[in-house]
Amino acid sequence: IDQSGTAWELDEALASQCGYSVTYSNWSNIEFHASALSCHSYLEKDVFIVTVQIKVSHTPDMKNPTTHLKTASCHYGAWGPRELLCESNYMEVSVRREVTQTLKDLTLEELEDWTSVFPEAKAGEASIWQIVFHQPEEKKALLVSDAWSAGYGLNITDTRVLLRIPYTAAHIQLIEDQGITFSAVRSSAFYRQRWLILMVNTAVACPVDGVDYTNKTIIWTVPKYIQLLSAGATIFKDVLVEAGVDLHKLSAKEMASRKYVLLNDLNAITMKIPIGAEGGYYKTSVNNGQHGEKYRINLFLEHQWEDNKWGLTKHTIIKEIETPFEQVELDIVNNSNLSARLMNVTVGTFLPDVELVNLTIEGITVAVPEAAQHGYLTYEIRYPNGSKSYIIQVPLDAPSIKKEYMTADLRAYTLNVTLAFITHPTRDTFAVPVIRVATVKDAVLPSTRGFCDGKNLHLIITHGNVDQNWLPFISDWHVTPEAAQKYNYSLRNNGTHLMMSVPFLSSHMSYEDLSTSGIKASLHLTLKDGITMANRMNFSISCIFSPSELIQCLPNGTVIITAVKLVRVADLDTSLLVLRDRQCKPSLVTEKTATFKFNVNTCGTSRKFSSTTMTYENDVLYFRPGNDTPIYKLKFACWYAIKQTVDVQYESKKNPPPSIKPGFGSLALSLKLFKDKFYSEPYQESEYPVVKYLRETLYFEVELLQPKDARLELNLNDCWATNSQSQDGLPQWPILINGCENSADSYRTVFHEVSYSLRVKLPQHLKRFEVRMFTFVQGTTLLQE
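Reference entry: report on the structure contained in this document. Remember, it's a predicted structure, so these values are computed and weren't measured experimentally. (Residues numbered from 1 in each chain as written. Predicted model: local features only at pLDDT ≥ 70, side-chain atom pairs only at ≥ 80, totals over all residues. Heavy atoms only, no water.)

Taken in spatial order, the 3 strands of this open sheet run S49-S50-S51, and their pairing is antiparallel. Lying at the two open borders of the sheet, with one neighbouring strand each, are strand S49 (606-609) and strand S51 (632-641). Strand-to-strand twist in this sheet, taken as the mean axis angle between neighbours without regard to direction, amounts to 25 degrees. Two strands pair when backbone bridges link them, and strand S50 (residues 613-622) and S51 are joined in this way by 10 bridges, in the antiparallel orientation. Its bridge partner lying in S51, tyrosine 616 is registered against cysteine 638. (Pairing = 2+ DSSP bridges. Helix = DSSP H or I, 4+ residues; strand = E, 2+ residues; numbered from the N terminus. Axes fitted to C-alpha atoms, helices over the stretch in contact; angles between N-to-C directions.)

In structure tokens form, the structure reads like this:
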């Protein structure tokens, strides 16, 4: 803010032209430097005053800013004849304003320099300053307005002339002195005072390099007497050498306590600062996405000397030194509380200039506040020295936690999240992938139970918590609902159980033994990992089936025989099985079975008689090619009862007493399930299967449909339930025994009287009863839903 109250908003160009610099120090501090002779400062009796307005906003678009106004003043009375200032963004020279030297005091080289620019100075307007730059190839004069437009800063007070040059200026030359590179400008400033043209030498030089890093030490070297600034001088005398940090001068005692070393030898001044020493600070740095640190310190050096040419010169150098990037490995500590089923990971330690901004979970990037919606809680832990760590906490059962079955009862839980950080104020970003695995003894393996009825093998697998991606296989055949339907298998999965039913005679059955007492058939099922296809668990069920399942002896003399391939005859080709007449080949072949259909008078079938039966016999044979001795032989027989005619003598008596004799014929009956106790609406076919909860009532009606004979009455003798579609299936539970309720039932069957109605013409042909819904159990285990 200038003296009139006008606000000048600083940008980089205006700051370097007007003598201002803004820098960060110690993570969150912002330092504002103003030259004593800056554009908008003013002097009152050796006190220069500057007023700064600072606007602060929580958002980059500076909405709703807070404004702070600060006026600072400093006493500065010890002006030297020539003062040089090297700031971070500009260099500045101010020279005492006085009548120029006479020509006889100038050296020959300087005489040539100055006299060659006098004509340009004389041509300028009397009231306008002019600056002349001495370039190796030419000399260039700029009017004040042109110099200002080019970014140079010019100022004049009652006693001083000042030139300020940004490091980006066009007339800067890079020169080398004692192995150190300097940014330098040789220039002269002219102004008119009364009838004189006055000139001041405004040459300035600032070191560009001179910093080295050895043995964890910063070494900063500055030549003492720079040729450009000491032209014509032959005698030099040090007046003062002082140094400090952040514009604070340090005494020798303070330097020693910080292990700083300040060396002043004949030709150079050297400062040695241990990396990490007090006065500097570490800042976070990012290099190619890698997290690291740099040590930063804002040094300054003030050198005053006298020479026999220029008198006293005061050279102040402000130097921001930053060590090279050093990668820092971040600790990631797993503090998971597995008993509470929590993954808990600590990431860091970080410097205070780092902030966690988002997390990438399963490829989705979410800001820190939104991460909680995915089950991820983040905590920032601050330590007394200002550093901090971040804690990521997520439940083991979160969807993004990968769960993998290991072995026995162990499961592996994998946390895979990427944390994105930003640094202040540079706004560099880097990412930290966090992958941690925890093993927990909580694996529940699937279990199985099985049973058989007369036609099928049934396998029921109860899911565990590790088989979400496990697939059922029989050998290398993946059992899917579509594939099962193709083979007339039943496969159902209700989320908690996988139920599979396979017919006794099927391609995927294994037949282990065959004798007159029965056929041992086995079903082997493997659960494979759906990703790796590795075998995880094997299940099997074996049952003994009646040999009669393999043969049908039809009344018309047709025989249907099924031969099975036994496990021990692994190389048997079922398509090559034959009967005694080798021309009789199977009509249906699978990998495990061969089915023959023929008449008893063909295929080499032999016949034997007894007093009551007629027996037909044949063999299923398997011959190896070129060999007439069978290696497989299955003998089978059909028995037929022989009809006999018997003469019976009988005598009829008159008026025999009434009697009841067994009658023979066909009866047509129906069993229906009704929706209520009024028996008004039966369930239709489309409504099956009917779903009921335990203890809900089922209303049954049995009706004699044919014959419609009013003399007949329907009585129920035995009624039972089974959990298969076969009435002979096991297990079974009796509902009626000899026409009465089952006394072992917790909820006994209840009969309902049947009355005449429009629908019921013959009440004696119907029986109605209700049963409470139940399930089959064995001990405390459900046999089936």
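What follows is about the pattern of salt bridges. In this structure the tally under the stated criterion is 31 salt bridges. Salt-bridge contacts for glutamate 92 lead to arginine 164; the nearest nitrogen and oxygen are separated by 2.8 Å. Here glutamate 92, found in strand S7 (residues 90-96), pairs with arginine 164, found in strand S11 (residues 160-166); they are 72 residues apart in sequence, far enough to count as distant. An identical accessibility class is assigned to glutamate 92 and arginine 164; each is buried. A salt bridge links lysine 675 to glutamate 687, with the nearest nitrogen and oxygen atoms 2.9 Å apart. Pair noted here: lysine 675 is in the loop between strand S52 (668-674) and strand S53 (697-706) and glutamate 687 is in the loop between S52 and S53, with a separation of 12 residues, a long-range link. Because the salt bridges share partners, they merge into one network encompassing Lys283, Lys294, Arg296, Glu320 and Glu322. (Salt bridge = Lys/Arg side-chain N within 4 Å of Asp/Glu carboxyl O. Buried < 20%, exposed > 50% of the residue type's maximum accessible area, 1.4 Å probe, protein only.)

So, on to the state of the cysteines. Scanning the entire structure with this criterion turns up 5 disulfides. The partner cysteine of cysteine 452 in its disulfide is cysteine 543, sulfur to sulfur 1.5 Å. Between cysteine 452 and cysteine 543, the S-S dihedral sits near 75 degrees, and the bridge is therefore right-handed. In this pair, cysteine 452 is assigned in strand S36 (residues 447-452) and cysteine 543 in strand S44 (residues 535-545), connecting sequence segments 91 residues apart. Assessed through its relative accessible area of 17%, cysteine 452 is described here as buried. By relative accessible area, which is 12% here, cysteine 543 ends up buried. Cysteine 584 shares a disulfide with cysteine 603; S-S distance 2.0 Å. Its torsion about the S-S bond being -90 degrees, the disulfide of cysteine 584 and cysteine 603 is classed as left-handed. Here cysteine 584, found in the loop between strand S46 (558-564) and strand S47 (588-589), pairs with cysteine 603, found in the loop between strand S48 (593-599) and S49; they are 19 residues apart in sequence, far enough to count as distant. (Disulfide = S-S within 2.5 Å.)

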